[in-house]
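Survey of secondary and tertiary structure
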Amino acid sequence: MSAAKKQPGKPTSDKDNLPCSYARFGPDEPLKLDCGVDLLNLTIAYNTHGTLNADKSNAIMICHALTGDQFVASEHPITGRAGWWQYVVGPGKPIDTDRFFVICTNVLGSCMGTSGPETVNPETGKPYGLEFPVFTIADMVRAQVMLLDHLEIPDLLCVAGGSMGGMQALEWAAKYPDRVCSAIPIAAAAKHSAQNIAFHELGRQAIFADPDWHGGAYALKGTVPSKGLAVARMAAHITYLSEPALHNKFGRNLQDRDKPTFGFEADFQVESYLRYQGSTFVDRFDANAYLYLTRAMDYFDLSTEYGGNLANAFRDTPTRFCVISFTSDWLFPTSENRAIVEALNAVAANVSFVEIESDKGHDSFLLDVPEMFAAMTGFIDAAAAPRNIPQRAA
Amino acid sequence: MAEAPPQAHLHRVDFVVIADMIAKGARVLDVGCNDGGLLKLLSEECNVDGRGMELSQRGVNECVARGLSVVQGDADSDLEQYPDQAFDYVILSQTIQATHRPRYVIEQMLRIGRQAIVSFPNFGHWRIRLYIALQGRMPKNAALPLEWYETPNIHFCTIKDFVALCDVSEVRIEEQIALNAQGRRVHLGGGSRVANLFAEQAVFRLTR
């Protein structure tokens, strides 16, 4: 991997030169945010895979999760790791780039090239930090709609995503039903639960408590709140797994030693693993972006705009839905996913619902889960059939 | 409702009879759709806008992988989610005997659909009567391989019983077709008495 690793305190202008595309909107094309602010000079960093067909009928929008990015099917420029959904997106994969045109943006407010708290505020010449307006899941989708218009694509064959990506898929389907032929919200919810808000608050407090955070102005101070962000990540990471997954992977095994040290080193493998997860995360993620993105998820409750009745969000929807959940996911449990299905059934929408047996917890949607691939493949191909898209190669 | 046993034939005879009853392009909900065999047939032959509900997650996942729109759900409790008159037809094929509340299920079907189609094995068939008469035990055969204490089929009925249920529920029988062991139609002749004795299964089309 040749791309330079982000060094603490190093300016982040390299986010303008990532191996991806950028759409830059002028001050005359504001992104109108839910908080009332018009965000000017929006930049959207995104990747595409495959080829848009002549009918423009084969576009699929993939929405990433909290700490994901646009490197859905290509090597990550900082970590050097394969695309985060390498099992799902690619030639011959469920989201088959031989037949579909895949778009994946870095969501609004994140830190891989799209406008966010790390971006320089044109009014002050300094990074926004906490001056960046607080935005919502709906705002993320509005930014994606701007990109879709910019690319002159009328509608999407499919919008797919897991976790926060699933929230975006639901938002897309609710607000732009005529532009969404099908939607695959995976391990998602139509509202963020109290428990999930609580976990996010824990993460944010860890960042706030880091003296290097400096009220969000760490870029100006030349520091990085690595410790706070790492702790936030460690706590969150636990919620992405499951008790059986942790037990199977680590048990009570000790790390490189035969007996406990009677101290506070990482005696247990699970501690060592979590510390590693925390420390590698800070190399690729911005602490302020983490604050904003978790806030956007906390604010998400699709039913509020529809009189508290989620079904109203989907009345007369032409969109086909495939809702997918995992048995061991306790962050976005099957019950939350089933609530989406029940709302869709209440308006007799075209919906499939697949619960997949997995002990890997919430993160299952990112892993090699053949049952999920089979469901996605069948669903997407059925949605593609009436849109003049060639059949999957046998 | 208990899980339905795997079905022996992909294109069962009752599927063909049901397909004949359904108008082209109709909106259809198949309750207890198993692996989606009927839904697939209906979407290919009748171009229906088909949905399914299936209790077993394995069946659901198979259906979705085949491109069918199917949700996991229980006929005994989950039909309540659907709005009134959302479908042209609601189908219950070879499933009523495995429901806990057959009457309630039929009533729900006619609430959410304009028509209901129900196919079921006829427990009044002479061979079953003879089996009980001679053996003195609950019948077991190729179609009913499980012991009484293991079978998911907890609510068997005869054709006569089913007609009685339609009566008490004030459901109108629009069409009834009885099939013998070879899958051929049994002519009802002098009323349903003959059918009740010689039909191995029956398909009813119902309205309110």
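Residues numbered from 1 in each chain as written. Chains lettered and ligands numbered in written order. Predicted model: local features only at pLDDT ≥ 70, side-chain atom pairs only at ≥ 80, totals over all residues.

**Looking at the overall build of chain B**
- When you go through chain B residue by residue, the secondary structure sums to 7 helices and 8 strands.
- Its C-alpha atoms give chain B principal-axis dimensions of about 45 × 35 × 30 Å.
- Of all 208 residues assigned to chain B, the portion counted as buried reaches 46%. (Helix = DSSP H or I, 4+ residues; strand = E, 2+ residues; numbered from the N terminus. Buried ≥ 20, exposed ≤ 12 C-beta atoms within 10 Å, placed from the backbone.)

**Regarding the overall build of chain A**
- When helices and strands are counted, chain A shows 10 helices and 12 strands.
- Expected size for 394 residues packed as a compact globule is a radius of gyration near 21 Å; at 21 Å, chain A falls within 12% of this value.
- Projected onto its principal axes, the C-alpha coordinates of chain A cover approximately 65 × 50 × 45 Å.
- Sorting the 394 residues of chain A into buried and exposed places 52% on the buried side.
- Taking all contacts inside chain A whose residues are at least 6 apart in sequence as the whole, residues at least 24 apart take part in 72%. (Rg over C-alpha atoms; globule rule 2.2 N^0.38 Å. Contact = placed C-beta atoms within 7 Å.)

**What about unusual backbone geometry?**
- A positive phi angle, close to 55 degrees, is found at Lys56(A), a residue other than glycine.
- With respect to the helices, strands and loops of the structure, Lys56(A) is situated in the loop between strand E4 (43-49) and strand E5 (59-63).

**Points about the packing of helix H3 (residues 194-208) of chain A against helix H8 (residues 287-299) of chain A**
Residue and element names in this part refer to chain A.
- Between H3 and H8, the shortest axis-to-axis distance is 10 Å and the interhelical angle comes to 160 degrees. With respect to their mutual orientation, H3 and H8 come out roughly antiparallel. Pair H3 / H8 crosses with left-handed handedness. Mapping the contact onto sequence places Ile197, His200, Gly203, Arg204 and Ile207 in H3 and Ala287, Tyr290, Leu291, Thr294, Met297 and Asp298 in H8.
- Here the residues of the contact of H3 with H8 sort into 6 nonpolar, 3 polar and 2 charged. (Axes fitted to C-alpha atoms, helices over the stretch in contact; angles between N-to-C directions. Parallel < 35°, antiparallel > 145°, perpendicular 65-115°, else oblique. Left-handed = near helix turned anticlockwise from the far one by under 90°. Nonpolar A, V, L, I, M, F, W, Y, C, P; charged D, E, K, R; others polar.)

**A word on the interface of chain A and chain B**
- The interface of chain A with chain B comprises 22 residues on the first partner and 16 residues on the second.
- Secondary structure elements with two or more residues in the side of chain A that touches chain B: strand E11 (320-326), helix H9 (334-346), strand E12 (350-356) and helix H10 (370-384) of chain A.
- In terms of residues, the side of chain A that touches chain B owes the most to one element, H10(A), which gives 8 residues.
- Its residues assigned to classes, the side of chain A that touches chain B shows 12 nonpolar, 5 polar and 5 charged.

**Thoughts on the domain arrangement of chain A**
Residue and element names in this part refer to chain A.
- With domains assigned, chain A is organised as domain 1 (13-193 + 301-387) and domain 2 (197-294).
- In this structure, domain 1 and domain 2 have C-alpha centres spaced 26 Å apart.
- Every contact between the two is made by 26 residues of domain 1 and, on the other side, 21 residues of domain 2.
- Along the lines of polarity and charge, the residues of the side of domain 1 that touches domain 2 split into 11 nonpolar, 10 polar and 5 charged. (Domains from an automatic or database assignment.)

**A look at the packing of H10(A) against helix H3 (residues 57-65) of chain B**
- Between H10(A) and H3(B), whose axes approach to 6 Å, the crossing angle comes to 45 degrees. As summarised for this structure, H10(A) and H3(B) are arranged oblique, according to the angle between their axes. Facing Glu371(A), Ala374(A), Ala375(A), Thr377(A), Gly378(A) and Phe379(A) of H10(A), the residues of H3(B) in contact are Asn61(B), Val64(B) and Ala65(B).
- Grouping the amino acids of the contact of H10(A) with H3(B) by side-chain chemistry returns 5 nonpolar, 3 polar and 1 charged.

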